[in-house]
Amino acid sequence: MNMSFYTGAVGAHMQNRRMNVQGNNIANVNNYGFKAERATFHHLMYSNVLGIDEEQLPKGSGTKMAKASVDFESGIYTETGRTFDFAIEGDGFFALYDLADGEVSFTRDGAFVMARFEIPPDENAEPEIDPVTGEEIEPQATEEWRLSDNEGRCVLDSEGNFIVIDPMDYKAELNVGVFDYRVYDGMLHADSGRFIPIEKNGDLYLGTGTVRRGFLETSNVDLAQEFIKVIEAQRAYSYALKVVQTTDEIEQTINGLPG
């Protein structure tokens, strides 16, 4: 089979993946703290093989989308006036702790809420004695209000502790932590606004960014650029399919020639 057939097929598949990246960016244009992704392509010409008459022939077929790298440029800051909205001016992330699995993730989306959490009693807590009946009273769960992302995760302060809010004084100053890494490349995009660090990102340290209360950072998606990339991907996809179609027609013509 002609190599151009495989080149065109691989190209069409990769442009389809590229379109998924652009579509995801456009879909998240209104999500606070979202960071756009950029499709990165690598060629598939890995090496040469020895052909007829000692000729060096390329081994590989077209290109592939190697990864979708994240653009960590800051978005525009918008004032909301809401008590539990926060934005980071400068570098750094908010830290979120997932109570379900202990996962710590990082985000630039500071649209937080005051959420109620039930704190189970300590395993070693002793039962109390009812002063009237003398009966033992088993330790009860307590209630605590924390700063949360409203999805079950707790926001951490600069010392890595949960941020507890007094419901009677919820407008008091809060020590919202800002954390950062030396290297951003390779951070895993957990969902629209959260990131999971990997080993190559280095050690975690306190960020230099300033927290602004009553503000939110919008996404850094540039719709004009995204639509330009969509048009590029559409045309590249159609051209790749045209290569496949033309190659197929050539093969049919050759196979139909009289022997």
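Use the structure listed above.
Residues numbered from 1 in each chain as written. Predicted model: local features only at pLDDT ≥ 70, side-chain atom pairs only at ≥ 80, totals over all residues. Heavy atoms only, no water.

Draft legend 1. Here's a closer look at the environment of Asp 71. Mapped onto the secondary structure, Asp 71 falls in the loop between β4 (63-70) and β5 (77-79). In contact with Asp 71, other than residues within four places in its own chain, are Lys 35, Ala 36, Arg 38 and Asn 220. (Helix = DSSP H or I, 4+ residues; strand = E, 2+ residues; numbered from the N terminus. Contact = heavy atoms within 4.5 Å.)

Draft legend 2. Region of the structure containing the layout of surface pockets. What the largest pocket holds in volume is close to 230 Å³. Around the largest pocket, the lining comprises 14 residues; the ones closest to its centre are Asp 109, Asp 149, Glu 151, Ser 192 and Arg 194. Taken together, the residues of the lining of the largest pocket sort by class into four nonpolar, four polar and six charged. Lining the second largest pocket are Glu 37, Lys 67, Ala 68, Ser 69, Val 70, Phe 72, Tyr 184, Asp 185, Gly 186, Met 187, Leu 188 and His 189. Taken together, the elements giving at least two residues each to the lining of the second largest pocket come down to β4 and β15 (188-189). Ranked by residue count, the leading element in the lining of the second largest pocket is β4, at four residues. (1 Å grid on protein atoms, 1.4 Å probe; cavity = no way out; pocket = protein on both sides within 12 Å on 5 of 7 lines; lining within 4 Å. Points joined across faces, edges and corners; volume = space filled by probe spheres on them. Nonpolar A, V, L, I, M, F, W, Y, C, P; charged D, E, K, R; others polar.)

Draft legend 3. Geometry of the nonpolar core. Judged by nonpolar contacts, the single largest core of 13 residues is most densely connected at Phe 86, Phe 112, Leu 147, Val 155, Leu 174 and Val 176. Secondary-structure elements contributing two or more residues to this core are β6 (86-89) and β7 (94-98). Excluding anything up to four places from it in sequence, Leu 174 contacts Phe 84, Phe 86, Leu 147, Ile 163, Ile 165 and Arg 213. In this structure, Phe 106, Tyr 181, Met 187 and Phe 195 belong to the second largest nonpolar core, which totals 10 residues. (Core = buried A, V, L, I, M, F, W, Y, C linked by side-chain atoms within 4.5 Å. Buried < 20%, exposed > 50% of the residue type's maximum accessible area, 1.4 Å probe, protein only.)

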